[in-house]
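Structural overview for review
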Amino acid sequence: MKHGIRFWQKKLGRSPTHRKDLMSNLLTELVEHEQIHTTVAKAKFVKHEMETMINRAKRGSQEDWEVIRNTLFSQERSVPKLMKTLAERYQDRPGGYLRIIRNGYNSSGSDRAPRAIVELVNNSKDLMHKSAKVHGDLIVKQLQDIEGIKYHRETVTLVDPLTGTPVEVFKLQERGDLNGAERKRLTAKEVAIHKRLAKLRTSLSTFESARTRDARTLAQLPPIAFDELRRRLQTEVEEIAAKGRSLSEKFKHNLTLKGFEVVDGKVVALPGAEQSFVEAAMAQLAISESVASATAADAAVAADVVAGEVVVDAASTAAATSSAQEFKETPASKVGSFTKNILAQLGLGGRRRGGNQ
């Protein structure tokens, strides 16, 4: 048995090619959905690589962009979201972008492998933030109950040195009638609750700022990502209407955080983000028209060749020779794919800060 193997270096019973495709699939799903359900082994397998990808997106150099583009699938949606939305969200966070939450086991007819939920910290459906809002008071009460068993609570009156106002505070004195095993058990519970409360407070303090950053970078997404998000939200609105229910205030608030609102049953972009979406759409339309015109020109040349009506003069021959020579002398690294060229024209493939100019 091999020992000391890191989780992201494990083979998971797959060939190298299969393992590489599995990693790309998990990374793409995490970027698009920000929360996935999988096994604990795969969760630990993808966690290290996902954090490395986010660090690359934050650096934003040309080399980092190339690695991200060659790793992720569905590049038209995943690459812009990682390079813009997620990089902006975690700009001030040094690490710890993912959270793994254990979630039971596979069914009894299966291998009973332990399952887990992998999610990006401060995503719109953050489980830690929901737990803080729903169960925060209950967890504080559990801590108070443990302190009531482990400590004597004494009230001490102190005087504020600035205002001179008397203030009552509580002083916890550890009880002496507890045996060692009971004291150790209570201490372990107390430490665990304190750690959980620290995570809940951090989630509550950073969640709203993450939503603000997401709303600011949402307008920078390409139109294909915006339209897909709008259609998904429209489907949710129609399902709620089909059940005869009205939209809750929480649902409307979540729509606002994502840059949308509901008008007469239709999901539309907020006025602040609409202009940016229109500009992005016009840019993509201009690119599509240029591609279409180039295709039409090629078709016209092909038709002339078939009809035998091509007129070749010295100038066109010289221009064609010059273009062929220029293309031949161009390094292979600079001849990108169609997807790379499209993303570069949308402003997603250039050098960002940290890149070599």
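Predicted model only: the values in this text are computed from it and were never measured. Numbers given to residues run from 1 along each chain, matching the order in which its sequence is written. Per-residue local features are limited, in this predicted model, to residues with pLDDT of at least 70; the limit for side-chain atom pairs, both in listing and counting, is 80 or more; totals at the level of whole chains, interfaces and linings are taken over all residues. The side-chain figures draw on all heavy atoms in the structure; neither hydrogens nor water molecules are used.

1. Digging into the overall build of the protein chain
Counting secondary structure elements, the protein chain contains 11 helices and 7 strands. When a residue's accessible area, from a 1.4 Å probe over protein chains only, is under 20% of the maximum for its type it is buried; when over 50% it is exposed; and in between it is partly exposed. Per-residue burial for the protein chain yields a buried fraction of 31% across its 357 residues. Contact definition: two residues touch when any of their heavy atoms are within 4.5 Å. Contacts spanning at least 24 positions in sequence make up 64% of the contacts within the protein chain whose residues lie at least 6 apart. By element, 54% of the accessible surface of the protein chain is carried by carbon and sulfur atoms, the whole surface being about 22,300 Å². Under the DSSP-based scheme used, a helix requires at least four consecutive residues in state H or I and a strand at least two consecutive residues in state E, with every element numbered from the N terminus. Accessibility throughout is a Shrake-Rupley quantity obtained with a 1.4 Å probe, and a residue counts as covered only by protein chains that appear here.

2. Here we look at the nonpolar core
The biggest cluster of nonpolar side chains holds 30 residues, and the ones touching the most others in it are Met-50, Ile-54, Leu-82 and Leu-98. When contributions to this core are tallied by element, the ones reaching two or more residues are helix H1 (16-33), helix H2 (40-59), helix H3 (62-71), helix H4 (75-89) and strand S3 (114-120). For this core, the leading source of residues is H2, giving 8 residues. Once residues lying within four places of it in the same chain are set aside, the contact partners of Leu-82 are Val-31, Met-50, Met-53, Ile-54, Ala-57, Ile-68, Leu-72 and Ala-87. Grouped together as the second largest cluster of nonpolar side chains are 11 residues, Val-237, Leu-255, Phe-260 and Ala-269 included. Residue types Ala, Val, Leu, Ile, Met, Phe, Trp, Tyr and Cys, when buried and joined through side-chain atoms within 4.5 Å, form a set referred to as a nonpolar core.

3. Points about the pattern of salt bridges
Salt bridges are counted wherever a side-chain nitrogen of Lys or Arg sits within 4 Å of a carboxyl oxygen of Asp or Glu. This structure, assessed with the given rule, holds 16 salt bridges. Residues Asp-145 and Lys-141 are paired through a salt bridge, measuring 3.4 Å at the closest nitrogen-oxygen approach. Of the two residues, Asp-145 and Lys-141 both sit in helix H5 (residues 127-150), 4 residues apart, roughly one turn of that helix. A relative accessible area of 41% places Asp-145 in the partly exposed class. For Lys-141, a relative accessible area of 47% corresponds to the partly exposed category. Its salt-bridge partner being Glu-174, residue Arg-183 comes within 2.7 Å of it at the nearest N-O pair. Using a relative accessible area of 23% as the deciding quantity, one classes Arg-183 as partly exposed. On the basis of relative accessibility, which here comes to 40%, the residue Glu-174 falls in the partly exposed class.

4. Here we look at the sheet that holds strand S1 (residues 35-39)
Adjacent strands of a sheet form backbone hydrogen bonds with each other and so pair up, either parallel or antiparallel. Any two strands with at least two DSSP bridges between them are considered paired. In spatial order, the strands read S1-S3-S2; together these 3 strands make up an open sheet with antiparallel pairing. Among the strands making up the open sheet, the edge pair consists of S1 and strand S2 (98-105). Averaged over all pairs of adjacent strands, the angle between strand axes in this sheet comes to 25°, irrespective of strand direction. Helix axes are fitted to C-alpha atoms over the stretch in contact, other axes to C-alpha atoms as well, and angles between N-to-C directions run from 0 to 180 degrees. Its contacts with the sheet place H1 against S1, S2 and S3, and it is angled at close to 145° to S1.

5. Some thoughts on the confidence of the model for the protein chain
The quantity called pLDDT is the predictor's confidence in a given residue, expressed from 0 to 100. Looking at the protein chain as a whole, the pLDDT averages 77, with 71% of positions reaching at least 70. By mean pLDDT, helix H10 (residues 314-329) is the weakest element of the protein chain at 45, and S3 is the strongest at 93. Confidence drops under pLDDT 50 across residues 323-336; counting only partners more than four residues distant or on other chains, this segment forms 4 contacts.

6. Details of a nonpolar patch on the surface
Taken together, Leu-158, Val-167 and Val-169 make up a surface patch of nonpolar side chains, about 210 Å² in accessible area. Following the sequence through the fold, Val-167 ends up in strand S5 (residues 166-174). Each patch is built from residues that are more than 30% exposed by relative accessible area and take part in no salt bridge. Like charges join if they lie within 9 Å; nonpolar side chains (Val, Leu, Ile, Met, Phe, Trp, Tyr) join within 5 Å.

7. A closer look at the pairing of S3
The element S3 is largely enclosed, with a buried count of 5 among its 7 residues. Sheet analysis places S1 next to S3, joined by 5 bridges and oriented antiparallel. Residue pairing across strands places Ile-36 opposite Val-118, the latter belonging to S3. Relative to S3, S2 runs antiparallel, the two sharing 6 bridges. What sits directly across from Tyr-105, in S3, is Pro-114.

8. Some points on the side chain of Glu-34
Of note, Glu-34 is situated in the loop between H1 and S1. Looking at Glu-34, the relative accessible area reads 7%, which means it is buried. Residues adjacent in sequence count toward polar contacts only when both atoms are side-chain atoms; beyond that, a polar contact is any pair of N or O atoms within 3.5 Å, and within protein one must be able to donate a hydrogen and the other to accept it. In this structure the side chain of Glu-34 is engaged in a polar contact, spanning 3.0 Å, whose partner is the side chain of Lys-81. Setting aside its immediate chain neighbours within four residues, Glu-34 contacts Glu-29, Lys-81, Leu-86, Arg-89, Val-118, Glu-119, Leu-120, Asn-123 and Ser-124.

9. Some remarks on the packing of aromatic side chains
For any pair of aromatic rings, the description rests on two quantities: the centre-to-centre distance and the angle between the ring planes. Two rings from Phe, Tyr or Trp (for Trp, the six-membered ring) form a pair when their centres sit within 6.5 Å of each other. Planes less than 30 degrees apart are called stacked, planes more than 60 degrees apart edge-to-face, and all others tilted. A complete count under the given rule lists 1 aromatic pair for this structure. When the ring of Tyr-90 is compared with that of Tyr-97, the centres are 5.2 Å apart and the planes differ by 50°; the resulting orientation is tilted. Overall, the relative accessible area of 1% leaves Tyr-97 in the buried class. The ring centre of Phe-207 lies 4.8 Å from the NZ or CZ of Arg-211, which sits over that ring. In this scheme, Lys NZ or Arg CZ marks a charge over a ring once it lies within 6 Å of the ring centre and within 35 degrees of the ring normal.

10. Side note on the environment of Trp-65
Looking at the element boundaries, Trp-65 is found in helix H3. Residue classification places Trp-65 among the buried residues on the basis of a relative accessible area of 1%. In the structure, Trp-65 is positioned 18 residues away from Met-83 in sequence and 8.0 Å away in space, judged by C-alpha atoms.

11. Side note on the packing of H3 against H4
In the contact formed by H3 and H4, the axes pass within 10 Å of each other and the chain directions differ by 140°. Considering only the axes of H3 and H4, their crossing is right-handed. In this structure, H3 uses Trp-65, Ile-68 and Arg-69 to contact H4, whose residues at the interface are Gln-75, Val-79, Leu-82 and Met-83. Basically, the charged four are Asp, Glu, Lys and Arg, the nonpolar ten are Ala, Val, Leu, Ile, Met, Phe, Trp, Tyr, Cys and Pro, and anything else, Gly included, counts as polar. When the residues that make up the contact of H3 with H4 are grouped by side-chain class, the tally is 5 nonpolar, 1 polar and 1 charged. Crossings are assigned a handedness: left-handed for a near helix turned anticlockwise from the far helix by less than a right angle, right-handed for a clockwise turn.

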